[in-house]
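# Notes for the structure review
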Amino acid sequence: MSTTQQTVPMLEVRGLSTGYGNIPVLHDVSFEVPQGKVTAVIGANGAGKTTLLSTIAGLIPATSGQLMLDGTDISRTPAASRTAAGLALVPEGGRLFPFMTVRENLELGAYSLGRDAGMRQRIAEICEIFPVLAERQSQMAGHLSGGERQMCAVARAMMSRPRLLMLDEPSVGLSPLMTERLLSTISDLAASEALTVVIVEQRVTEVLAMAELAHMLDHGRIMKSGTAGEFRTDRMIQETYMGR
Amino acid sequence: MLDVLNILTVGVLLGGIYAIVAVGLNLIFGVIRVVNFAQGEFVTFGLYGAYAAQIATGMDPYLAPLIVVPVLFVLGAVIYIVILRPLQNDPMMQVFATFGILMVSQNAILALTGGVAYSVQSAFIGMSVSLGPIQIGLSRVIVLAVATLVTAAVALYLRHTRNGKAIRAVAQDRTAARLMGIRVETVYTLTFGIGAALAGLAGCLLSPLYTMTPQIGMNFILPAFAVVVLGGLGSVLGAFVGGFVVGLTEALAGFYLDPALKHAVIFIVFIAVLVVRPSGLFGVAGAEEVGLRDQN
């Protein structure tokens, strides 16, 4: 409970650059994600949002820069170990294992915890948060509807008891009603599980309503950072991303 | 009548061997996405391994799997780590590399043996099981039993164990598997080792029945490819059933048509099945694309 602990951000991105082959995508990106808050990253298609999350998760190597997770340097840590260190990414489209049951998907979500005796209990807890999954446990994940699939993907990520949950466009392909339900579930999770959330979204109005902080990414650079409130009232953000 | 039964038992013997080899080949293809041309060589190593075990300790070839299977598991894992892993970002080169392993292995064995054919003796050869009026060679019964047990064991391992689930996860979506904290490279190594070990087991079971020559592995690799595609990519049960379909077809064609045509007939049946069921007998349509959709 010392004050120094509280000031260490959950995630610190310092001068991060990356790209595919010789094509640079992110240029010297720096920002902090404070503990226990929801941070939104917004930006147009191709701004580098997915690349940013993939690099933080370790799926794409950074060409330069540093990543600190809760004060620990994870820049050289392989993706699998970053999951064990408390980082979880819900990739775009959810990417469930389609020929496995919902339950097997959830079990694999907890893979990084090792042979955990608490598996049953964790699945029960998760099914309480995502009631739609409780009745679908023995169904193949590939047969779920779009909304159920996203719920299952978030639930699977939560199985590893992450400290930092990153979501890449969870609302893609969902109806406005389903999006609202999903985002409110994520808000509830953030409140109840002492979870830090980074969320990339195209639905800017909705995500700024749930987030506390926001960053705007454009052509691989952070162009603006502030509180979600500031973003909501910013003329340029409104015109560019909120269609006003 | 007796002829037909004899042919059927030959078909079952071949089918069981093909099934064991194909289960391993299918696992390697389904998970690592490498077409392993060296799979027949692991059968060859199993054969010569049984020979070496008999020369060194007088061991019966049917007991040789106790040594040969673990040795081939390690050999497969080492080959994966040393040769295939460095080529991981270039799947086509991995396939060429397995072909290179095939050439090196055949020529190394040729050099070591000077081209002399070997054979091993088993106390069980000549024994038979009576099924009413029918006598079935014990070696056939052993192959059938082992192929069935191995298929069931692999299927249960993949379905119920933690490592088995990790293997299936990597086969279905390797990026998502990585995000779960699964060490994808370790899963590849494990899978290649299992594939090699299964082929080695098949080699041991064959050793009392076949005369060993350096090129013997070639007799198994082509039918095994047919079995994998026929049974369905990614399906363990498909590889098992496909193994017997191909083995019986080969035996019947060899007897009723012409031994020289047996492989031609296999591949005609193979093409016919694919025309009717493009995903194979037990395959899931598009299953191969699931694993291929991301190579990161």
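Just so it is clear, the model here is predicted, and its values are computed rather than measured. (Residues numbered from 1 in each chain as written. Chains lettered and ligands numbered in written order. Predicted model: local features only at pLDDT ≥ 70, side-chain atom pairs only at ≥ 80, totals over all residues. Heavy atoms only, no water.)

Another aspect to go through is the packing of helix α3 (residues 65–84) of chain B against helix α4 (residues 91–113) of chain B. Residues and elements named next belong to chain B. Contact geometry of α3 with α4 gives a least axis separation of 11 Å together with a crossing angle of 125 degrees. As the angle between them shows, α3 and α4 are arranged oblique. Our pair here, α3 against α4, has a crossing hand that is right-handed. Across the interface between the two elements, Ile-79, Tyr-80, Ile-83 and Leu-84 from α3 touch Gln-94, Ala-97, Thr-98 and Ile-101 from α4. (Axes fitted to C-alpha atoms, helices over the stretch in contact; angles between N-to-C directions. Helix = DSSP H or I, 4+ residues; strand = E, 2+ residues; numbered from the N terminus. Parallel < 35°, antiparallel > 145°, perpendicular 65-115°, else oblique. Left-handed = near helix turned anticlockwise from the far one by under 90°. Contact = heavy atoms within 4.5 Å.)

This paragraph deals with the packing of α3(B) against helix α8 (residues 184–206) of chain B. All names here are of chain B. Closest axis-to-axis distance for the α3/α8 pair is 7 Å, and the angle between their directions is 140 degrees. The orientation of α3 with respect to α8, classified from their angle, is oblique. In this structure, the crossing between α3 and α8 has a hand that is right-handed. Counted together, Pro-65, Val-68, Val-69, Leu-72, Phe-73, Gly-76, Ala-77, Ile-79, Tyr-80, Ile-81 and Leu-84 of α3 and Glu-185, Tyr-188, Thr-189, Leu-190, Phe-192, Gly-193, Ile-194, Ala-196, Ala-197, Gly-200, Leu-201 and Cys-204 of α8 form the full contact between these two elements. A per-class count over the contact of α3 with α8 returns 18 nonpolar, four polar and one charged. (Nonpolar A, V, L, I, M, F, W, Y, C, P; charged D, E, K, R; others polar.)

It is worth spelling out the sheet that holds strand β6 (residues 87–90) of chain A at this point. Residue and element names in this part refer to chain A. Across the sheet, six strands lie side by side as β6-β7-β8-β3-β9-β10; this open sheet has mixed pairing. Two strands in the sheet have a free side with no partner beyond their single neighbour: β6 and β10 (221–227). For this sheet the average axis-to-axis angle between neighbouring strands, irrespective of direction, equals 15 degrees. Here four bridges tie strand β3 (residues 38–42) to strand β9 (residues 213–218), and the two strands are oriented parallel to one another. (Pairing = 2+ DSSP bridges.)

We now examine the interface of chain A and chain B. On the chain B side, the residues contacting the 23 residues of chain A number 23 residues. Taken over both partners, the interface formed by chain A and chain B buries close to 2300 Å², and the fraction arising from carbon and sulfur atoms is 61%. Among the residues chain A hides against chain B, the three largest losses belong to A:Arg95, A:Phe99 and A:Tyr111. Together they make up 32% of the total. In this structure, A:Arg95 and B:Asp173 form a salt bridge, with 2.9 Å as the shortest nitrogen-oxygen distance. Each residue belonging to the side of chain A that touches chain B can be placed in one class, and the counts come to 13 nonpolar, five polar and five charged. (Buried area = accessible area lost by both parts, 1.4 Å probe. Salt bridge = Lys/Arg side-chain N within 4 Å of Asp/Glu carboxyl O.)

In this section: the packing of aromatic side chains. All names here are of chain B. By the definition in use, this model includes 14 aromatic pairs over all chains. Ring geometry for Tyr-80 and Phe-192: centres 6.0 Å apart, planes at 45 degrees, overall tilted. A residue pair is termed long-range when its members are at least 10 positions apart, and Tyr-80 in helix α3 and Phe-192 in helix α8 qualify at 112 residues. A ring pair is formed by Tyr-210 and Phe-220, whose centres lie 5.9 Å apart and whose planes are at 50 degrees; its orientation type is tilted. Placement of the pair is Tyr-210 in the loop between α8 and α9 (218–231) and Phe-220 in helix α9, with a sequence separation of ten residues. Residue Tyr-210 is classed as partly exposed on the basis of its relative accessible area of 24%. You can call Phe-220 buried: its relative accessible area is 1%. Taken together, the ring pairs connect Phe-42, Phe-45, Tyr-80, Tyr-188 and Phe-192 into an aromatic cluster. (Phe/Tyr/Trp six-rings, centres within 6.5 Å; stacked < 30°, edge-to-face > 60°. Buried < 20%, exposed > 50% of the residue type's maximum accessible area, 1.4 Å probe, protein only.)

To continue, consider helix α5 (residues 138–160) of chain B. Spanning 23 residues, α5(B) covers 32 Å between terminal C-alpha atoms, matching the ideal 33 Å at 1.5 Å per step. Taken as a whole, α5(B) has its buried residues at B:Leu138, B:Ser139, B:Val143, B:Val146, B:Ala147, B:Val150, B:Thr151, B:Val154 and B:Leu158. (Expected span 1.5 Å × (residues − 1).)

Strands sit in the order β2-β1-β4-β5 (chain A) across an open sheet of four strands; the sheet is antiparallel. Among the strands making up the open sheet, the edge pair consists of β2 (23–33) and β5 (72–73) of chain A.

Interpretation in functional terms is not warranted from these geometric data alone.
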